[in-house]
Amino acid sequence: MKHYIYNIGIILLVLSYASLVSAPEAVAQDDLRFKTIVIDAGHGGKDPGAISKDRTTNEKDVNLAVALKLGKLINENCPDVKVEYTRTTDVYVTLDGRAKIANKHKANLFLSIHVNAHDNSAASGFSCHILGQSSKKGSDTFAYNLNVCKRENSVILLEDDYSTKYQGFDPTDPESFIFFNLMQNAFYEQSLNFAVMVNEKMDKIGPVKGNRGISQDPFYVLWKTTMPAMLFEMAFISNSADLAVITTDEGKDKIANALYEAFLQFKTDYNKSLNYNEPTTSVSTVSEESTKEENKVEMAVEESVRYGIQVSTVARQVSLKDPFFKGYKASCYPSGKVYKYIIGESSEKADVENIFDKAAEKFPGCFMVKIEGDSVSRISR
């Protein structure tokens, strides 16, 4: 096993910012409202990204076109929001540089736009990715989407000093992804909520057929951003039907519109959580019909006040016996379109506090919660 040295400064910055937004009463609401989105058009310049089989379409060009269309929609309809881009022309921007742009502008949301590719031309559809361990069950938790992660992260190799700048991270080596297991995005739940919204809007009004769902994956550009963040793969450039959509203005317009509708919903919910009265904006309705799950899990329904440790929030139900819970007894609480998973439940807060440090070693980024009926709220230790 290789040994890597990682800068923990970014972790402290994320956690300090998370503590700020979790206590809005200490800061003026207008300072916390949704102000800035950073739109990242993936690849660019000397990095073309994925290329169509006929060599006529580069991913970087499609990404930029959709990014600019999305930004224009926001600028024209949301004067209270500032739109920043990682690039507006065909230039090369490092992964580290993209994250730095988002952090510099103190964005409330980071959206990285991409086009997928696969050796199998039958692969098609769109997908949403947030930071985390791979969603695939099994002994190798980093196997799922590893090829996608390696491809999107591999632009690191275009930089002369990548071994120094990225502190030993090798995008071609699966072992390099293990360090992501030690990281926890403080904005995980918000990132997931946005991914759910994009997923639903693309299903409803997007032009690309085939919903590949939401995945947790170790993308470097998501790890380095200190805000809710998502990487969106709009289609497969290697699939003829998908390619036919993303090479037309109409197709790009529809994708940008789906992203815009999801953004509006996210912005509205974001500001409502702060009791901030934002300008009225039309948001299309979302179907509340839930997807049937193969694995039914026991839901916690007790009415007494209890305490516990929230270790995960995901958009799908998983078995309470999943190895992810590392032997802890877990409970599942549905919350809108996501599911919160909690361990160490007790009617005594002190009992949970006593096991918290040990649990945090296995679940970085976990936090204590208060449970009233089926309502779960975060609390301080």
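Quantities reported herein were computed from a predicted structural model and do not represent experimental measurements.

Before going further, it helps to examine the overall build of the chain. Looking only at helices and strands, one finds 11 helices and 11 strands in the chain. Looking at the 381 residues of the chain, the share that counts as buried comes to 50%. Considering only contacts in the chain between residues 6 or more positions apart, those separated by 24 or more positions represent 76%. When the accessible area of the chain is evaluated, it comes to approximately 17900 Å², of which 50% is carbon and sulfur surface.

Right, let's talk about the side chain of T94 for a bit. Mapped onto the fold, T94 is located in the loop between strand 2 (82–85) and helix 4 (95–104). With a relative accessible area of 17%, T94 lands in the buried category.

All right, on to the pattern of salt bridges then. Throughout the structure, instances matching the rule amount to nine salt bridges. In this structure, E189 engages K340 in a salt bridge whose closest nitrogen and oxygen atoms are separated by 3.7 Å. Separated by 151 residues along the polypeptide, E189 in helix 7 (residues 188–205) and K340 in strand 9 (residues 338–346) bring together distant segments of the chain. According to the relative accessible area criterion, E189 is partly exposed, its value standing at 25%. We classify K340 as buried; its relative accessible area is 10%.

Turning our attention to the pairing of strand 10 (residues 367–372). Both faces of the sheet carry side chains from a regular strand, because those side chains alternate between them. Summarising the sheet, strand 10 and strand 11 (residues 375–378) pair through four bridges and their orientation is antiparallel. Within strand 11, the position partnered with I371 by the bridge is V376. In this structure, the hairpin formed by strand 10 and strand 11 is closed by a connection of two residues, where G373 is found at a positive phi of approximately 65°.

The next subject is the packing of aromatic side chains. Considering all chains together, one arrives at six aromatic pairs under this definition. Measuring from ring centre to ring centre gives 6.0 Å for F266 and Y270, while their planes differ by 45°; the resulting arrangement is tilted. Residue F266 and its partner Y270 are located together in helix 10 (residues 249–272), separated by four residues, close to a single helical turn. Joined through ring pairs, the aromatic side chains of F34, F194, F263, F266 and Y270 make up one cluster. The ring of Y92 carries K46 above its face, with NZ or CZ at 4.8 Å from the centroid.

Another point: the sheet that holds strand 3 (residues 109–116). Spatially, the six strands line up as an open sheet ordered 2-1-3-6-4-5, and their pairing is mixed. The sheet terminates laterally at strand 2 and strand 5 (211–217), the two strands that pair on one side only. Strand-to-strand twist across the sheet, computed as the mean angle between neighbouring axes with direction ignored, equals 20°. One ladder, built from six bridges, connects strand 3 with strand 6 (residues 229–236); its direction is parallel. Bridge pairing in strand 6 places I113 opposite F232. Against the sheet, helix 4 engages strand 1 (36–41), strand 2 and strand 3, with an angle of about 165° to strand 1.

Before going further, it helps to spend a moment on the environment of A122. By the element assignment, A122 lies in the loop between strand 3 and strand 4 (126–131). Residue classification places A122 among the exposed residues on the basis of a relative accessible area of 55%. As a C-alpha pair, A122 and S238 span 116 residues in sequence and 8.2 Å in three-dimensional space.

Moving on: the confidence of the model for the chain. For the chain, per-residue confidence averages 75 on the pLDDT scale, and 66% of positions sit at 70 or higher. Confidence over residues 280–302 falls short of pLDDT 50; this stretch has 40 contacts with residues more than four positions distant or in other chains.

With 19 residues, helix 3 (residues 59–77) should cover 27 Å at 1.5 Å per step; its first-to-last C-alpha distance of 27 Å lies within 8% of that length. Taken together, the buried positions of helix 3 are E59, K60, V62, N63, L64, V66, A67, L70, G71 and I74.

Attention shifts here to the environment of S347. Within the element layout of this structure, S347 appears in the loop between strand 9 and helix 11 (349–362). Considering only alpha carbons, one finds S347 and G308, 39 residues apart in sequence, at a separation of 8.7 Å. Those residues in contact with S347 that sit more than four places away from it in its chain are V305, R306 and Y307.

Moving on: the packing of helix 3 against helix 10. Contact geometry of helix 3 with helix 10 gives a least axis separation of 9 Å together with a crossing angle of 50°. Relative to helix 10, the element helix 3 lies oblique. The way helix 3 lies across helix 10 gives a crossing that is right-handed. Of the residues in helix 10, those in contact with V62, A65, V66, K69, L70, L73, I74 and N77 of helix 3 are D249, K252, D253, I255, A256, N257, L259, Y260 and F263. Residues that form the contact of helix 3 with helix 10 fall into these classes: 11 nonpolar, two polar and four charged.

Here the focus is unusual backbone geometry. For residues that are not glycine, phi is negative in most cases, and the peptide bond is trans in most cases. Here R55, not a glycine, exhibits a phi torsion of approximately 65°, which is positive. Residue classification places R55 among the exposed residues on the basis of a relative accessible area of 62%. Backbone geometry at K326 places phi at a positive 55°, although glycine is not the residue there.

How each quantity is defined
Residues numbered from 1 in each chain as written. Predicted model: local features only at pLDDT ≥ 70, side-chain atom pairs only at ≥ 80, totals over all residues. Heavy atoms only, no water. Helix = DSSP H or I, 4+ residues; strand = E, 2+ residues; numbered from the N terminus. Buried < 20%, exposed > 50% of the residue type's maximum accessible area, 1.4 Å probe, protein only. Contact = heavy atoms within 4.5 Å. Areas by Shrake-Rupley, 256 points an atom, 1.4 Å probe, with all protein chains shown as cover. Salt bridge = Lys/Arg side-chain N within 4 Å of Asp/Glu carboxyl O. Pairing = 2+ DSSP bridges. Phe/Tyr/Trp six-rings, centres within 6.5 Å; stacked < 30°, edge-to-face > 60°. Lys NZ or Arg CZ within 6 Å of the ring centre and 35° of its normal. Axes fitted to C-alpha atoms, helices over the stretch in contact; angles between N-to-C directions. pLDDT = per-residue confidence, 0-100. Expected span 1.5 Å × (residues − 1). Parallel < 35°, antiparallel > 145°, perpendicular 65-115°, else oblique. Left-handed = near helix turned anticlockwise from the far one by under 90°. Nonpolar A, V, L, I, M, F, W, Y, C, P; charged D, E, K, R; others polar.

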